[in-house]
Amino acid sequence: MSGSSADPTSDAGDGRRSEPADPTGGPQGTAAVRERLDRVEDPELARSIVELDYIDAIDIDGDRVEVRFTLPTAWCSPAFAWMMATDARDEVEALDWVREARIELCDHMHGEEITTGVNARDTFGETFPDADGGVAEVRAAIADKARVSTQRDAIDALLEAGVDPEQIVALERSDVDVAGDEAHVDLGGLSVVVDAAPIADYLDRVETSGHVTSGDDTVFLTPEADPIPADRLDVVQKRSRLASVNMGGQGAVCDALHRARHGPDGPDGSGASYVDRSTSDQSAYDGDVDEFTSTWTLSSDD
Amino acid sequence: MYEMDGEEVFVIDGHVHMWDAREENIIHEGGEQFLQCFYDYHTGFTPEEEQWDIDTYRHYGADKMTEDLFGNAAADMAVFQPTYLDDFYDEGFNTTEQNAELAEEYPERFVLNGSFDPRDGEEGLRYLEHLKEEYDIPGVKLYTAEWRDDSKGWRLDSDDAFEFLEKCSELGIENINAHKGPTIRPLNRDAFDVEDIDDAASSFPELNFIVNHVGLPRLDDFCWIAAQEPNVYGGLAVASAMSTHRERKFGEIMGELLFWLGEDRILFGSDYALWNPDWLVDQVMNAELTDEQKDEYGVELDVDVMKKIMGENVAELYDIDIEEKKRQFRDDDISERFDLADHYGGDAGAAAD
């Protein structure tokens, strides 16, 4: 990782966490838990499980928190379900007033095994001894897809700023500095400033996937993680677009299955949702097809 | 047939089933979960007024299926893709034999594919020969992610699978339809793997490899492989249903497929009874790319492209002569039953209703 000021994983949430949460289970405690859960992604979609409306309930009893969640189908990959369950547990337990988080996966073909295993702190291998291939490999593959799919917007930002393909493919991590809303890109003395968002998003992914770890690592890579020949940049950009379309397509499938299982009002049918709609009013499907078709585009999410 | 811009579009639904998920046929909890999951797919991507109740969905029978496919001439022909799932269903979910009940009643309207599972070994090879002899199957539908006993599925690039592909080649079973999409009990990395298609397709250039569901959720891997292997095709089952509620997503996927595979290697399929061509064909034919998508991909879903996707490409794979079929359908049993003689009468070819 580079300088801490450029840490792309920092978000506005950290700045608001100084207020002590209400440990009696009041709205502040629930909001704090929800904020932690918002960091857990459905690995297949690279989107928050809160935003995707998977959370059925958050119950707080003193320093113990119970989270119940349901996935779009009973057939969702157990490896993915396992990742979401353990990530949820770890995120909630990162709150200093939480002593124990208990996670329950509902309505899943392996719901009992996963719930039992995660809460007993077993490993995936202990829970599913017959699975050939561990969670770590799946995580790595998923992280790699997220890397590829976010690269396009970052490179587009540079192309739009007039940076040449030759310069783009030669960039090293130490040439790029994200500060506030701006990303400064050093082109051998000449510095170009572009919008930070797509650059920070990509750096977050490429560092998570482990492809960029030091200052002299090449920033942009092919899907196979090789340096990009300048004359192949266009094809690599199209493959990145394809990876985004794939993820968004799967998102649409999961969302439709989720709604088919639970109706548009969420798992409990009450219409109450843990999702804060205030910043994403598009995600409330009200039956208007034309309106909804514009929702699942990754590019419109930032 | 469908009419678009004054031209006839002959529709071959490349992916249909006649399944039986009645409770008495279910012998494992997975069979019920499987059907429920299918039903969620059905309701999730079907306009409300077209949705079925769950009992109809479990078992609709030959009569209803015939009417749904051909009653309003939404489809002109259809290709059966059997799904055995013997561990879940006593008599199978929809085996070659079950599908044959209808295919043999209207042989001019159906293509009947078989299936193999390389884990069946010598017995499986004999069964494949039997299917060829009994039904003259032109293709197989394969389910690589199916669990059996201790096995978590199988790969198309394995030695065992190659033995079966060699047998297909020898018997003239040319069309290898692989289910590469939502998986059955995907416990491991195979849950998102289409790589085995690559080796199989380059090792058997004389065979056609149709990847159902265009590899979703691995559309990216699928398209990249297909771009390099000319005998790899994309089957639109599931993807075509995304034209319900998700027209923009559907447009993006079509844009990618046309960009990477081109218009000759994309095949329409409803995955009936997951979805019903009765309304789906019309919906897909009316789907449009946004202006933004047209610019991005440099492609359009015009009448020539749609004619290929909706019928001509499947016809090419299964040696179907569309003009000959149109003549035949002026007085076949289906046209008599649904009063479609005029529809195939040669003048203009307006839709039946």
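Note that this is a predicted model, so its numbers are computed, not measured.

1. Re the overall build of chain A
Within chain A, the regular secondary structure consists of 10 helices and 8 strands. For chain A, the proportion of contacts with a sequence separation of at least 24, taken over those separated by at least 6, is 63%. For chain A, the exposed surface amounts to about 13,200 Å²; the carbon and sulfur share of it is 46%.

2. Quick notes on the confidence of the model for chain B
Averaged over every residue, the pLDDT of chain B is 92; the share at 70 or more is 94%. Note on residues 185–189 of chain B: pLDDT is under 50 here. Beyond four places in sequence and across chains, it has 23 contacts.

3. Observations regarding the pairing of strand 3 (residues 55–61) of chain A
All names here are of chain A. Most of strand 3 is tucked away: 5 of the 7 residues are buried. As paired strands, strand 3 and strand 4 (residues 64–70) are joined by 6 bridges and run antiparallel to one another. Considered in strand 4, the bridge of Asp61 is made with Arg64. Hairpin connection between strand 3 and strand 4: a loop of 2 residues separates the two successive antiparallel strands, and Gly62 in this loop has a positive phi of roughly 65°.

4. Topic: the sheet that holds strand 4 (residues 77–80) of chain B
Residues and elements named next belong to chain B. Read from one edge to the other, the open sheet built from 3 strands follows the order 3-4-5, with strand pairing classed as parallel. Of all strands in the sheet, those with a lone pairing partner are strand 3 (12–16) and strand 5 (110–112), marking the two edges. The average undirected angle you get between the axes of adjacent strands in this sheet is 20°. Pairing analysis gives 3 bridges linking strand 4 to strand 5, with the strands arranged parallel. The partner of Val79 across the bridge, within strand 5, is Val111. Its contacts with the sheet place helix 4 (residues 96–103) against strand 4 and strand 5, and it is angled at close to 160° to strand 5.

5. Here we look at the side chain of Asn113 of chain B
Residues and elements named next belong to chain B. Structurally, Asn113 can be placed in the loop between strand 5 and helix 5 (121–135). Within polar-contact distance, the side chain of Asn113 engages the side chain of Tyr318 at 3.1 Å. In this structure Asn113 touches Val79, Phe80, Gln81, Pro82, Thr96, Ile137, Pro138, Gly139, Val140, Asn177 and Tyr318, once residues within four positions along its chain are discounted.

6. Notes on the interface of chain B and chain A
Taken together, the contact pairs 40 residues of chain B with 47 residues of chain A. Carbon and sulfur atoms make up 64% of the area that chain B and chain A hide from each other, which totals about 4,000 Å². Counting across the chain B and chain A interface gives 6 salt bridges. Between Asp220 of chain B and Lys145 of chain A there is a salt bridge whose closest N-O contact spans 3.1 Å. Of all elements in the fold, only helix 1 (29–44), helix 8 (219–228), helix 9 (247–260) and helix 11 (291–297) of chain B reach the threshold of two or more residues within the side of chain B that touches chain A.

7. Let's talk about the environment of Val219 of chain A
Residue and element names in this part refer to chain A. Tracing the chain through its elements places Val219 in the loop between helix 8 (196–208) and helix 9 (233–262). For Val219, a relative accessible area of 2% translates into the label buried. For the pair Val219 and Val169, spaced 50 residues apart in the sequence, the C-alpha separation amounts to 7.7 Å. Ignoring any residue separated from it by four or fewer positions in sequence, one finds Val219 in contact with Leu171, Glu172, Arg173, Val176, Tyr202, Leu203, Val206 and Val212.

8. Let's talk about unusual backbone geometry
One can expect most non-glycine residues to show negative phi and most peptide bonds to be in trans. Residues and elements named next belong to chain B. Backbone torsion omega between Leu216 and Pro217 reads 10°, so that peptide bond is classified as cis. Following the sequence through the fold, Pro217 ends up in the loop between strand 8 (208–212) and helix 8. You will see that Asp5, though not glycine, has its phi angle at about 50°, which is positive. Locating Asp5 in the fold gives a position in the loop between strand 1 (2–4) and strand 2 (7–9).

9. Some thoughts on the packing of helix 9 of chain A against helix 8 of chain B
Helix 8 of chain B packs onto helix 9 of chain A with a crossing angle of 140° between their chain directions and a minimal axis gap of 8 Å. It follows from the interaxial angle that helix 9 of chain A and helix 8 of chain B lie oblique. On helix 8 of chain B, the residues that touch Val235, Arg239, Leu242, Ala243, Val245 and Asn246 of chain A of helix 9 of chain A are Leu219, Asp220, Cys223 and Trp224 of chain B. For the contact of helix 9 of chain A with helix 8 of chain B, the class distribution of residues is 7 nonpolar, 1 polar and 2 charged.

10. As for helix 6 (residues 159–171) of chain B
Residue and element names in this part refer to chain B. With 13 residues, helix 6 extends 18 Å from end C-alpha to end C-alpha; this agrees with the ideal 18 Å at 1.5 Å per step. All of the buried residues in helix 6 are Ala161, Phe162, Phe164, Leu165, Lys167 and Cys168. Packed against the buried residues of helix 6 are helix 5, strand 6 (139–142), strand 7 (175–179), helix 7 (195–203) and strand 8. Once helix 6 ends, the next one or two residues include Gly172, with phi positive near 75°.

11. Comments concerning the nonpolar core
Core analysis: the largest hydrophobic core is formed by 136 residues, its most contacted members being Trp19, Leu165, Phe222, Leu257 and Met310 of chain B. Excluding residues that lie within four positions of it along the chain, Met310 of chain B makes contacts with Val9, Phe10, Val11, Ile12, Phe268, Val281, Val284 and Met285 of chain B. In this structure, Val67, Phe69, Ala88 and Val135 of chain A belong to the second largest nonpolar core, which totals 40 residues.

12. A look at the pattern of salt bridges
The tally for this structure, following the rule as stated, stands at 44 salt bridges over all chains. When the shortest N-O distance is used, the salt bridge between Arg68 of chain A and Asp59 of chain A registers 3.3 Å. Residue Arg68 of chain A is classed as partly exposed on the basis of its relative accessible area, which comes to 26%. Taking relative accessible area as the criterion, Asp59 of chain A reaches 37% and is therefore assigned partly exposed. For the salt bridge of Asp144 of chain A with Arg147 of chain A, the shortest nitrogen-to-oxygen distance reads 2.7 Å. Of the two residues, Asp144 of chain A and Arg147 of chain A both sit in helix 6 (residues 135–160), 3 residues apart, roughly one turn of that helix. On the basis of relative accessibility, which here comes to 0%, the residue Arg147 of chain A falls in the buried class. Where salt bridges share partners, they join Glu122, Arg126, Glu129, Lys167 and Glu170 of chain B into one cluster.

Calculation criteria
- Residues numbered from 1 in each chain as written.
- Chains lettered and ligands numbered in written order.
- Predicted model: local features only at pLDDT ≥ 70, side-chain atom pairs only at ≥ 80, totals over all residues.
- Heavy atoms only, no water.
- Helix = DSSP H or I, 4+ residues; strand = E, 2+ residues; numbered from the N terminus.
- Contact = heavy atoms within 4.5 Å.
- Areas by Shrake-Rupley, 256 points an atom, 1.4 Å probe, with all protein chains shown as cover.
- pLDDT = per-residue confidence, 0-100.
- Buried < 20%, exposed > 50% of the residue type's maximum accessible area, 1.4 Å probe, protein only.
- Pairing = 2+ DSSP bridges.
- Axes fitted to C-alpha atoms, helices over the stretch in contact; angles between N-to-C directions.
- Polar contact = N/O pair within 3.5 Å; in protein donor to acceptor, adjacent residues only side chain to side chain.
- Buried area = accessible area lost by both parts, 1.4 Å probe.
- Salt bridge = Lys/Arg side-chain N within 4 Å of Asp/Glu carboxyl O.
- Parallel < 35°, antiparallel > 145°, perpendicular 65-115°, else oblique.
- Nonpolar A, V, L, I, M, F, W, Y, C, P; charged D, E, K, R; others polar.
- Expected span 1.5 Å × (residues − 1).
- Core = buried A, V, L, I, M, F, W, Y, C linked by side-chain atoms within 4.5 Å.

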